[in-house]
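What the coordinates show
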Amino acid sequence: MKILFTKTGIENEVSQKLGTDAVCDFQDFITVEQSKIKPFFLKNYSLIFSSVNAVKSFFSNGFKINENFLNPSQFNKVYAVGLKTKLALRKQGFGTFKVTKHSSDLADFIIENSHKERFIHFCGNLALDILDQKLPLQNISYKKVIVYKTNLLYPEISENYDAVVFFSPSGVRSFAKFNSLEKIKIFSIGQTTEKELKKFTQNRIFTSKESNLEDLLSVIRCKLSE
């Protein structure tokens, strides 16, 4: 099977998991550009991060998280979407109060358990609107701060592939502008990306249940053995 991965930087993981059972190409369909933002005080706010890129840009801009339990008036609770986002925060030396797989799950948790808190959501320009649609309707204080920009590259693919692997809704849109999704196997890293794919094709989509690369490669591996 000849497979196109719509993302670079994962070549080693793919090679270890799939070995020589597939011919794999890698190409970026989006780029990420960090925004320059002057840091401001985060006193009395709970913080939401929904991507690794948001974490990276947050700290590169000089923002600081207050984890001093002895001063609760300035303490920042940290919420994250995705295990990789949690790990990125941990690399910076910070823990997380709550981690969910999807933004919708986090919104439900906040509405049920944390509705009295004030939230700042650090994210990209193409972040889903789930949190800012749900939380204000419940009179929950919510503010979105854009800390990076996603650029769609729209490359045209001349090679013929048996399968294409997608990692984000923006990557789907970038691919679909000039390339067909018909007559190929389609793999998706999660439900949000799958939902975007369904706008462009009626083909069956094989989706990772755990929304991470390791599980996605397991799905692909399973299809290689069929």
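Now for a look at the structure at hand.

With that settled, consider the overall build of the chain. Scanning the chain from N- to C-terminus turns up 8 helices and 11 strands. A compact globule built from 226 residues would reach a C-alpha radius of gyration of about 17 Å, and the chain, at 19 Å, matches this within 12%. Taken along the three principal axes of its C-alpha coordinates, the chain extends 60 × 35 × 30 Å. For the chain, the proportion of its 226 residues judged to be buried stands at 42%. Sequence-distant contacts in the chain: of pairs separated by 6 or more residues, those separated by 24 or more amount to 55%.

Here strand β9 (residues 163-166) runs beside strand β10 (residues 185-188); their pairing, made up of 4 bridges, is parallel. Counted as the bridge partner of phenylalanine 166 is serine 188 from β10. One crossover worth recording links β9 to the parallel β10 by way of helix α6 (residues 169-176), and it is right-handed. The pairing of β10 with strand β11 (residues 205-207) spans 3 bridges and is parallel. Across the sheet, isoleucine 186 pairs through a bridge with isoleucine 205, a residue of β11. You can see the chain leave β10, run along helix α7 (residues 191-197) and come back into β11, and the turn it takes is right-handed.

The next subject is the packing of helix α2 (residues 52-60) against helix α3 (residues 83-91). As a packed pair, α2 and α3 sit with axes 8 Å apart at the nearest point and diverge in direction by 25°. It follows that α2 is roughly parallel to α3 by the angle criterion. Relative to α3, the crossing made by α2 is right-handed. Mapping the contact onto sequence places Val52, Val55 and Phe59 in α2 and Lys84, Thr85, Ala88 and Leu89 in α3. For the contact of α2 with α3, the residue count by class is 5 nonpolar, 1 polar and 1 charged.

With 20 residues, the main nonpolar core has Leu47, Phe49, Phe58, Ile65, Leu89 and Phe122 as its most contacted residues. Of all the elements in the fold, those that place two or more residues in this core are β4 (46-49), α2, β5 (78-81), α3, β7 (118-124) and β8 (141-152). Considering each element in turn, this core owes the most residues, 4 residues, to α2. Residues within four places of phenylalanine 58 in sequence aside, it is in contact with Leu42, Leu47, Phe49, Phe63, Lys64, Ile65 and Phe122. Ranked by size, the runner-up nonpolar core spans 18 residues in total, among them Ile3, Ile10, Leu213 and Val219.

Turning to the pattern of salt bridges, a few remarks are in order. Tallied over the full model, the rule gives 10 salt bridges. Linking glutamate 159 and lysine 2 is a salt bridge whose minimum nitrogen-to-oxygen distance equals 2.7 Å. Pair noted here: glutamate 159 is in the loop between β8 and β9 and lysine 2 is in strand β1 (residues 2-5), with a separation of 157 residues, a long-range link. Owing to a relative accessible area of 42%, glutamate 159 belongs among the partly exposed residues under this scheme.

This part is about the sheet that holds strand β6 (residues 98-100). Read from one edge to the other, the open sheet built from 6 strands follows the order β3-β8-β7-β4-β5-β6, with strand pairing classed as mixed. In this open sheet, the two strands that pair with only one neighbour each are β3 (30-34) and β6. When strand polarity is set aside, the average angle formed by the axes of neighbouring strands in this sheet is 20°. Against the sheet, helix α4 (residues 103-113) engages β4, β5, β6 and β7, with an angle of about 150° to β5. In this fold α6 packs onto β3 and β8, with an angle of close to 35° to the strand it touches most, β8.

Time to look at the environment of alanine 88. Examined against the element boundaries, alanine 88 turns out to sit in helix α3. For the pair formed by alanine 88 and serine 51, sequence separation is 37 residues and the distance between their alpha carbons is 8.9 Å. Once residues within four sequence positions are removed from consideration, alanine 88 is found in contact with Val52 and Val55.

Let us now look at the sheet that holds β10. Pairing is parallel across the open sheet formed by 5 strands, whose spatial order is β2-β1-β9-β10-β11. Looking at the sheet topology across the chains shown, the edges are occupied by β2 (23-26) and β11. Ignoring which end each strand starts from, the neighbouring axes of this sheet average 20° apart. Pairing of β1 with β2 involves 4 bridges; the strand directions are parallel. Bridging across to β2, leucine 4 finds its partner in aspartate 25. Against the sheet, helix α1 (residues 11-18) contacts β1 and β2, and its axis sits at roughly 170° relative to β2.

Reading guide: rules and limits
- Residues numbered from 1 in each chain as written.
- Predicted model: local features only at pLDDT ≥ 70, side-chain atom pairs only at ≥ 80, totals over all residues.
- Heavy atoms only, no water.
- Helix = DSSP H or I, 4+ residues; strand = E, 2+ residues; numbered from the N terminus.
- Rg over C-alpha atoms; globule rule 2.2 N^0.38 Å.
- Buried < 20%, exposed > 50% of the residue type's maximum accessible area, 1.4 Å probe, protein only.
- Contact = heavy atoms within 4.5 Å.
- Pairing = 2+ DSSP bridges.
- Right-handed = clockwise from strand over helix to strand, strands pointing away.
- Axes fitted to C-alpha atoms, helices over the stretch in contact; angles between N-to-C directions.
- Parallel < 35°, antiparallel > 145°, perpendicular 65-115°, else oblique.
- Left-handed = near helix turned anticlockwise from the far one by under 90°.
- Nonpolar A, V, L, I, M, F, W, Y, C, P; charged D, E, K, R; others polar.
- Core = buried A, V, L, I, M, F, W, Y, C linked by side-chain atoms within 4.5 Å.
- Salt bridge = Lys/Arg side-chain N within 4 Å of Asp/Glu carboxyl O.

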